[in-house]
Amino acid sequence: EERVEKHYAQLFAAPDPGPGGRDAPAPADGRPIDALHAADSIIFIAHSQGAAVASLLASRLVREGHVRPMAGQTVALLTLAAVFHGPFPDLRENLV
């Protein structure tokens, strides 16, 4: 849940002014959440422990109306995670 909150907060953060500090012009693309609102398609991609975080984050963004699949936005979630038994190839259970 902590990782979901961290990534969620980053979507609403103001753009980093870059190496010039406050005096540098702000990037033209704005906050990341603005890009999500304007997007026709959104693809969430994650690996390993990030698979759960991406799933929870995507769910929250849909629930709160920031991502709108019912309004025509195409949304995809691609994750890859596996169970690894390390040096115990004979271990047949995924839960210990």
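Going by the structure above, here's the rest.
Notes on the structure in this doc start here.

The rules we used
- Position numbers for residues start from 1 in each chain and track the written sequence from start to end.
- Only residues with pLDDT of 70 or above have their local features reported here, since the model is predicted, and side-chain atom pairs are shown and tallied only from 80 upward, although totals for entire chains, interfaces and linings are computed over all residues.
- With hydrogens and water set aside, each side-chain value is computed from the structure's full complement of heavy atoms.
- Here, a salt bridge means any side-chain nitrogen of Lys or Arg that lies within 4 Å of a carboxyl oxygen of Asp or Glu.
- Numbering goes from the N terminus for both helices and strands, where a helix is a DSSP run of H or I of at least four residues and a strand is a run of E of at least two.
- Only protein chains enter the accessibility calculation, which uses a 1.4 Å probe; a residue is then buried when its area is under 20% of its type maximum, exposed when over 50%, and partly exposed in between.
- Expected helix span is given by 1.5 Å per residue-to-residue step, counting one fewer step than there are residues.
- Contacts are assigned to residue pairs that have any heavy atoms within 4.5 Å of one another.
- Pairing between strands is defined by DSSP: at least two bridges between the two strands are required.
- With its strands directed away from the observer, a crossover is right-handed exactly when the path from the first strand over the helix to the second travels clockwise.
- Centres within 6.5 Å make a pair out of two Phe, Tyr or Trp rings, where for Trp the six-membered ring is used; the pair is then stacked when the planes are under 30 degrees apart, edge-to-face when over 60, and tilted otherwise.
- Within this analysis, the arc is defined by the directions that extend from the helix axis to the C-beta atoms.

1. Considerations on the pattern of salt bridges
For the structure shown, the criterion picks out three salt bridges. For R60, the salt bridge identified is with E5, shortest N-O distance 2.5 Å. Taken together, the residues R60 in helix α3 (residues 50-63) and E5 in helix α1 (residues 2-12) connect sequence positions 55 residues apart. The buried category is assigned to R60, whose relative accessible area is 15%. D34 is paired through a salt bridge with R31; the nearest N and O atoms lie 3.1 Å apart. Overall, D34 belongs to the partly exposed group, its relative accessible area being 33%. For R31, a relative accessible area of 30% puts it in the partly exposed group.

2. Section: α3
Here α3 contains 14 residues, and its C-alpha end-to-end distance of 20 Å stays within 8% of the 20 Å for a straight helix at 1.5 Å per residue. Of all the residues in α3, the buried ones are A51, V53, A54, L57, A58, R60 and L61. On its buried side, α3 packs onto α1, α2 (32-38), β1 (41-47) and β2 (74-80).

3. Topic: the pairing of β1
Judged by which residues are buried, β1 turns out to be one-sided: I42, F44 and A46 face inward and are buried, whereas S41, I43, I45 and H47, on the alternate face, are not. In this structure, β1 lies alongside β2, joined through seven bridges in parallel fashion. When the sheet's bridge partners are listed, I43 is paired in β2 with A76. Considered for its hand, the β-α-β crossover made up of β1, α3 and β2 is right-handed.

4. Digging into unusual backbone geometry
If you check the backbone angles, S48 has positive phi at about 55° while not being a glycine. Structurally, S48 is set in the loop between β1 and α3.

5. Brief notes about the packing of aromatic side chains
Overall, the coordinates contain one aromatic pair when judged by the stated rule. Both rings, one in Y8 and one in F12, keep their centres 5.0 Å apart while their planes meet at 50°; by these two values the pair is tilted. Of this pair, Y8 and F12 both sit in helix α1, four residues apart, which is roughly one turn of the helix. By relative accessible area, which is 11% here, Y8 ends up buried.

6. Remarks on α1
Every buried residue of α1 is listed here: V4, Y8 and L11. Relative to the axis of α1, the buried residues are bounded by an arc of 50° and lie together on one face. Structural note: α1 exposes E2 and R3 on the side pointing more than 90 degrees away from its buried face. As for α1, its buried residues are in contact with α2 and α3.

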